[in-house]
Each structure stands twice: as structure tokens, then as C-alpha cells.
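Results of the structural survey
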Amino acid sequence: MGSMPITSRGTLSVDLLIVNARILTQDSARPRASSVVVHGGVILAVDPDPALLSPARIIDAEGMIVTPGFNDAHAHSVWFGLGLIETDLSNITSLDELYETIHAAASSLAEDEWVIASGFSPLLTGAQPDRDRLDRASGRRPVWIKHASGHAYTVNGAALALLEGLSEPIVGGVIEHDRSGRPTGLLEETAMELVQKVMLPYPLATIERALDLATTHYVSEGITSVTDAGIAGGWIGHSPREIAAYQGARDAGILSTRMQFMVSIDALQPLVGHQDDPLARGLGGGIRSGLGDEWLSVGPVKIFSDGSLLGSTAYMTEGYVGCPHNHGYLQMSEEDLLSSALEAYGGGWALAIHAIGDRAVDHAINIIERAQQLYGRAALPNRIEHGGVVRPDQLGRIADAHIAVVPQPHFITRFGDGMASLLGPERTGWSYPAKSLLLRGAVLPASSDRPVSYGRPLNVMQSFVERITPDGVVYGADERITAAEALAAYTVGSAAATGWAERKGAVRAGMLADLVFLSDDPSGVLPGEIAGIEVVATVVGGAVVWGSERLRAR
């Protein structure tokens, strides 16, 4: 924290004093405060006696709301940053508009250059693009469209001609064909690797630029910490050397937020050890979850068990509405899923298991329970990512095993009608739980899965509270939470789920000085007004990293 010299007047010399604030501390011992002192990037005291201090800087909050910095417990920063570079399809609502956008993007490219576009959602357009129309729109340049779900690509005929392995069996994925047996261009789940074999890895410089763009955007929304949910391997990674890009970005001073990254299970290798050591897989030298510091740290291992609800590939006990024989599927066999997870856990890795369908959630719970029986609790919390459908009978087991379920409530705001049509009324009531987890004493973090969905925390908080679909229908009313609970999820909840509860998520002495200045109190406005609250400024480690011109110093 650095030295704190006593001045000649007998006062304590500190870096920063914030006064005249309405601080929502998230500390049950002192829920509200009006001032906070920061030194060496850490909160030194809350509501101190100002006569005892000699601050280098004083910020007069002028009655603004101040909260702990927001913590997105599940996002994809490189993917998001690349999307800020690539052609954006996130707001496309018709195929004609999509073809026009592809045509415009292709017009400035060389004849053999790929058109790369991100954020496409077939739920918004109502159908998949036609490969031949994409050929015409792109001038027969290869087209690579990344779906917003992250679980599918669409490519055109020119791109298909460059891919190898289209006729080979795909385990854990699908190459869609039309009735004549011709590939349509839709590649689901592990079939996406056919494109990645041609297009990856990205250069480290490109990944670092993506991180710069992403984290610069994050702080404008009050986000001070992010967990990246899968890097360095599998179809979710961008380079086998992706970890080096994170370190490079930090060394270059372009990480604006604190980052925790999950390593994809595919990037871990079998580890040789003593005969008394457990069977294990990991990174070279035995690196495991928890390594790092408050700026860059190693999180859990990311394991994909099933697919996407948006793509009807999430693994369900019962079939999808309108297609009762489709239960989705696992991305690997049950045996391989269990053995790979236990080997990673034996190597010291906490588990973050992507499980959206309720049958996949069954497998995730079983795996985590078994891992903890064999090896005890991990250094970081074990997690289930998403929990798209969680049955009532699963909730108690989740709480008893201290599993953090990490939901994305803004999926409801953006995709809720489509999801409800696939699930039916009963399963919609179990979908992306929040209140039921809190009632059972489980940890409730907040996250966006950005760029799959919009990631501004105040908008996600409103989704937590309202749970209203684009058509204005309430989605799982019993899972609504209060605005105060939503704010807690984005602060103390995410800190607990990511293993940082002792350093992040609350305004109290000893915590990292990560703060957000807001124009209003999320718990003091109508639910429909939460997203309209303005982020005035963001502080990371005591430094104002966004909005400094809007804070009054004295």
C-alpha cells in the first residue's frame, strides 16, 4: 500500500479523499457512507475524520451515488474487442439487411480477402443466411459470420471451398446439409473448428488491440473487473499463445480493467508427477487456478459440456417444444467429460463448466461433487456457467456443494421470446435463476456473456429486476430480484464467485479502490429506469480511468 508519512501538522498524507458522496458500500456493517480515503490503490478508511488527513487530491462527489466497481463474472473480452474491429451484425433484424451489410463490408476488400462479421442472431432475423446469396453479396469473397451465441458460424460457398474435413465425421458438432446433401454453410459447436484451422491463430498484436478496445469500453460502463470465460484453446480461443497477449497488454499499460482468465480445457496437457500425486492435467510447470495478482490472474478451467439454448443444442432432459426428439447434446462423451474434469481438478484447477440444459447441469453437479469428494475444495469457487435451465430439485445440491451458478439475465431482455418458445412455460420458469439461488443461500454473481448479449451492467441489473422479453412478456416472474440484490450481484456476488471476496466488491478498509460514480441510485428509481442511470466516472486502484473531467476536485 506504500508509505503514509505524517505531515508537520500531524496529519496523515494520503492519495485521495472522496467527500459528499452517497456511498452504497455493500458492507453489511456499514451499508452507507459519505466519504472514503484511498492510498496506494487501496481503501484506507470509510467516513474518516478529515481533520486527521492531508490528501493529495480531494474529489467532491456533490451528492452522487458511489458504489464498488462492477465485476462481470463471465465475458469474452478478446471476442468483444475483435467485434469492435469486425463488421457488426448484432442489430441486424432481416436477411436482406444482412446481405446489404456484407456487400458494403466486402466492397473495400481485396478479391481474395475474407469478410469477417460478428454478432449474428438467427432469432432476430428469423432464418439462417443463404450461402449463395452470401456469395453474391460478397462478390464471391469468403464470408465468415460469427453467431452471437458463440456456438455456430455461418459461411458461404466461397469459404466452404477453402475448408478441409467437411465430409469427415464431427464429434460434438454439426455440419448442416440441405435435403440434397449440400452443406448449407451452418457449422455448429465443434464443427466451427473447420474455419478456425484456416483462420487462426490471430496475431498477438491483434489480440492485444482487442483487449485495449474492450477494456477501454468496459470502464465507460463502470466495469472494473472481468473474468474472461475461456481462452488459449478449443473453438473459444484465439491463439495457443493467448495468455501471452494478456500479459503483453498488461505490460503495455493498455488493460484498463482487472482481468481474470479461464483457460480452456483443450489447452491443458497431461502432467507427469510423483506416483503419489493425483492424475492431473494442466499447464507446464503445474500452473493452476489462483496464480497472479489483482490485475491479471488465472481463474478456473473452462469446460464446455453442452451447446446453446439459442441454437437448440443445449442438453435437455426433455426435448425442445416443437421438436420433441431434439434433446441437444454433450460436446464430448459423459466419460470423457468426467475424466478430463477430474484430471484438471487433480492438477489444482477449479472447474467452470458450461452447462445450459438441465441435463447438462445434472452432469456438472455430479462432476463437481465427485471432484470435491476426491480432492476437497479448490482454491477458487467451482462454477456452472449460464444455468439456462435449472430444475428445482437441482438447487439444493448446488447450494450444498457451494457451486456458483453464473446466469446472464440480459439474455431474457434480448432473446427471451425465442427461448421461451423453445422451452415451454414450466422450463421458462426455471430458466436463468436468480431469486431461487439467493433463497437457498447460494452465491449469485452477475455477468453478461458479452458479446453474446449487451453487457452494460446497469442494463443487466434492470433485466435481473424486470425479466421482460422483447415482446413485453414476463419471463420467470418468481426469479425476479430487487435492484439492491442486482447491485449486490454485480459487486459482492461476482467477487465471491471469482474468489476475490476479500479484496473486491465492497467499500471498506483494505479493499481495492475500485469505484463507480452514478447519477442515481439503482435501488431508488423505478425498475424501468435503472438502465437510464448514467455512469459519471470510474475509478480503478484509486485512479480515475474514465470521466475525470466530470468530477470536481477541490
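Before reading further, recall that the structure is shown in the block above.
Source: prediction; values computed, not measured.

**Here we look at the sheet that holds strand 15 (residues 223-231)**
Pairing is parallel across the open sheet formed by seven strands, whose spatial order is 8-15-16-19-20-21-22. A strand with exactly one partner marks an edge of an open sheet, and here the two such strands are strand 8 (70-75) and strand 22 (404-406). Taken over all neighbouring pairs, the strand axes of this sheet differ in orientation by 25 degrees on average, direction set aside. Here helix 7 (residues 204-220) sits on the sheet and contacts strand 8, strand 15 and strand 16 (258-264); the angle it forms with strand 15, its principal contact strand, is near 140 degrees. Docked against the sheet, helix 16 (residues 483-497) engages strand 8, strand 21 (383-386) and strand 22, running at close to 65 degrees with respect to strand 8.

**Quick notes on the nonpolar core**
Taken as a class, soluble globular proteins show a tendency for nonpolar side chains to be buried jointly. Of all hydrophobic cores here, the largest spans 115 residues; its most connected members are Leu351, Ile384 and Met419. Each residue touching Ile384, except ones within four places of it in the same chain, is listed here: Ile353, Ala355, Val361, Ala364, Ile365, Ile368, Ile403, Ala404, Val405 and Val406. Counting residues in hydrophobic clusters, the runner-up holds 24 residues, among them Ile18, Ile43, Leu515 and Val544.

**Some words on the sheet that holds strand 4 (residues 36-39)**
The sheet built from five strands is open, its strands ordered 5-4-1-6-26 with mixed pairing. For this open sheet the edge positions go to strand 5 (42-46) and strand 26 (552-553), each flanked by a neighbour on one side alone. In terms of strand pairing, strand 1 (residues 12-19) meets strand 4 through three bridges, oriented antiparallel. What sits directly across from Leu16, in strand 4, is Val38.

**Thoughts on the environment of Cys323**
As for its position among the elements, Cys323 is in the loop between strand 19 (296-304) and helix 9 (334-346). Along the backbone, Cys323 and Leu437 are 114 residues apart, and their C-alpha atoms lie at a distance of 30 Å.

**Section: the pattern of salt bridges**
Considering all chains together, one arrives at 20 salt bridges under this definition. Asp362 is paired through a salt bridge with Arg359; the nearest N and O atoms lie 3.4 Å apart. Here Asp362 and its partner Arg359 are both found in helix 10 (residues 358-375), three residues apart, which amounts to about one turn of the helix. Given the relative accessible area of 28%, Arg359 is considered partly exposed. The shortest N-O distance in the salt bridge between Lys435 and Glu485 comes to 3.0 Å. Taken together, the residues span a long stretch of sequence, with Lys435 in helix 14 (residues 435-439) and Glu485 in helix 16 at a distance of 50 residues. A residue is classified by how much of its surface remains accessible, and Lys435, at 22% relative accessible area, is partly exposed. Taken together, the shared-partner salt bridges in this structure form one network comprising Asp358, Arg359, Asp362, Arg391 and Asp393.

**Details of the pairing of strand 8**
In terms of residue burial, strand 8 counts as a mostly covered element, since six of its six residues are buried. Pairing analysis gives four bridges linking strand 8 to strand 15, with the strands arranged parallel. The residue of strand 15 that forms the bridge with Asp72 is Val226.

**Quick notes on the packing of aromatic side chains**
Tallying each qualifying case throughout the model produces seven aromatic pairs. When the ring of Phe80 is compared with that of Tyr218, the centres are 5.9 Å apart and the planes differ by 10 degrees; the resulting orientation is stacked. Of the two residues, Phe80 sits in helix 1 (residues 77-85) while Tyr218 sits in helix 7, which places them 138 residues apart along the sequence. The burial state of Phe80 is the same as that of Tyr218; both residues are buried. Judged by centre distance (6.2 Å) and plane angle (35 degrees), the ring pair of Tyr345 and Tyr375 falls under tilted. Of this pair, Tyr345 sits in helix 9 while Tyr375 sits in helix 10; the two residues are 30 residues apart in sequence, bridging distant segments of the chain. Given the relative accessible area of 36%, Tyr375 is considered partly exposed. An aromatic cluster of at least three residues, connected via ring pairs, comprises Phe411, Phe415 and Tyr432.

**Considering the side chain of Glu343**
Within the fold, Glu343 resides in helix 9. The exposure class assigned to Glu343 is buried, which follows from its relative accessible area of 17%. Every residue in contact with Glu343, bar those within four places of it in the chain, is listed here: Leu279, Ala280 and Arg281.

Cut-offs used in this document
- Residues numbered from 1 in each chain as written.
- Predicted model: local features only at pLDDT ≥ 70, side-chain atom pairs only at ≥ 80, totals over all residues.
- Heavy atoms only, no water.
- Pairing = 2+ DSSP bridges.
- Helix = DSSP H or I, 4+ residues; strand = E, 2+ residues; numbered from the N terminus.
- Axes fitted to C-alpha atoms, helices over the stretch in contact; angles between N-to-C directions.
- Contact = heavy atoms within 4.5 Å.
- Core = buried A, V, L, I, M, F, W, Y, C linked by side-chain atoms within 4.5 Å.
- Buried < 20%, exposed > 50% of the residue type's maximum accessible area, 1.4 Å probe, protein only.
- Salt bridge = Lys/Arg side-chain N within 4 Å of Asp/Glu carboxyl O.
- Phe/Tyr/Trp six-rings, centres within 6.5 Å; stacked < 30°, edge-to-face > 60°.

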